[in-house]
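Given next are the chains, with one letter for each unit.
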Amino acid sequence: MTAQQRKQQTETFLKSLGIPVYDGLPAIEEENVIKVRTVQEITARIMILTYLNCIATQHALQPEILEYLKTEGLWVKTSPSEKILFEKPALTEDDINLISWRAESIWLLLWSIHKVEHLTMPIEEVDIDALFLLLPPFMGDPTEYIADVQTRSVSDLLNEADFLFRLNWAISKNELEGLNGRIAFERYYTINWITSTRKEWDDHVN
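If you're wondering where the values come from, they're calculated on a predicted model, not measured in any experiment. (Residues numbered from 1 in each chain as written. Predicted model: local features only at pLDDT ≥ 70, side-chain atom pairs only at ≥ 80, totals over all residues. Heavy atoms only, no water.)

**What about the packing of aromatic side chains?**
Line of reasoning, step 1. Across all of its chains, the model carries nine aromatic pairs by this definition.
Line of reasoning, step 2. The interplanar angle of 55° and the centroid separation of 5.9 Å between the aromatic rings of F13 and F163 together place this pair among those described as tilted. A residue pair is termed long-range when its members are at least 10 positions apart, and F13 in helix α1 (residues 3-16) and F163 in helix α8 (residues 154-173) qualify at 150 residues.
Line of reasoning, step 3. A relative accessible area of 40% means that F13 is categorised as partly exposed.
Line of reasoning, step 4. A ring pair is formed by Y22 and W169, whose centres lie 5.5 Å apart and whose planes are at 20°; its orientation type is stacked. Here Y22 is found in the loop between α1 and α2 (39-57), whereas its partner W169 is found in helix α8, with 147 residues between them in sequence.
Line of reasoning, step 5. Of the aromatic side chains, those joined through ring pairs into one cluster are F185, Y189, W193 and W201. (Phe/Tyr/Trp six-rings, centres within 6.5 Å; stacked < 30°, edge-to-face > 60°. Helix = DSSP H or I, 4+ residues; strand = E, 2+ residues; numbered from the N terminus. Buried < 20%, exposed > 50% of the residue type's maximum accessible area, 1.4 Å probe, protein only.)

**Digging into the environment of T50**
Line of reasoning, step 1. Structurally, T50 can be placed in helix α2.
Line of reasoning, step 2. The exposure class assigned to T50 is buried, which follows from its relative accessible area of 9%.
Line of reasoning, step 3. Spatially, the C-alpha atom of T50 lies 9.7 Å from that of P136, the residues being 86 residues apart in sequence.
Line of reasoning, step 4. Not counting residues within four places of it along the chain, the set of residues in contact with T50 comprises I106 and L135.
Line of reasoning, step 5. A polar contact of 2.7 Å, which involves the side chain of T50, links it to the backbone oxygen of I46. (Contact = heavy atoms within 4.5 Å. Polar contact = N/O pair within 3.5 Å; in protein donor to acceptor, adjacent residues only side chain to side chain.)

**Considerations on the side chain of K7**
Line of reasoning, step 1. Positionally, K7 belongs in helix α1.
Line of reasoning, step 2. Residues within four places of K7 in sequence aside, it is in contact with D23, L25, P26, A27, D162 and R166.

Right, dumping it as structure tokens:
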């Protein structure tokens, strides 16, 4: 499927849901120029975000988690903004709120390696209890977990990227009842990292 065909497919689907589309939005990247993150990269990002959530809810675990991240080679893959949060003596309410929304990123990352079967519309926040059951072993060796998963096809990932691109535009420009704009944003932010449209995790979304 070409990028233009994917654009048309997404617009047709959005229209079927009664969601406004703007034909002036460009097509996204072609499949042959996308560099999908590896299973190892995606799993590392899942773990970093998971342990960041752990510190947000159980700050007493901070020393143990920091040691684990450094021992397992995850600290070097942690973004500059995340390192600040990990090392803070105390997190503010704004910090905790930001971190908690990253659960939506974890869900999208899990979908990208087939740990989540399908993504529903961005309406309800992720079920944290369901999420924990799909993660690598807590403070454990992720080798077996990584060996058991593979990334979705470039086509599937770009279908989702295109959908989220146009859906986020629609949400930003219209009052769409039932849709959660923050969930849609977190997914868009994350899918762009998976497809390397965003080179670094902290890079701004276009």
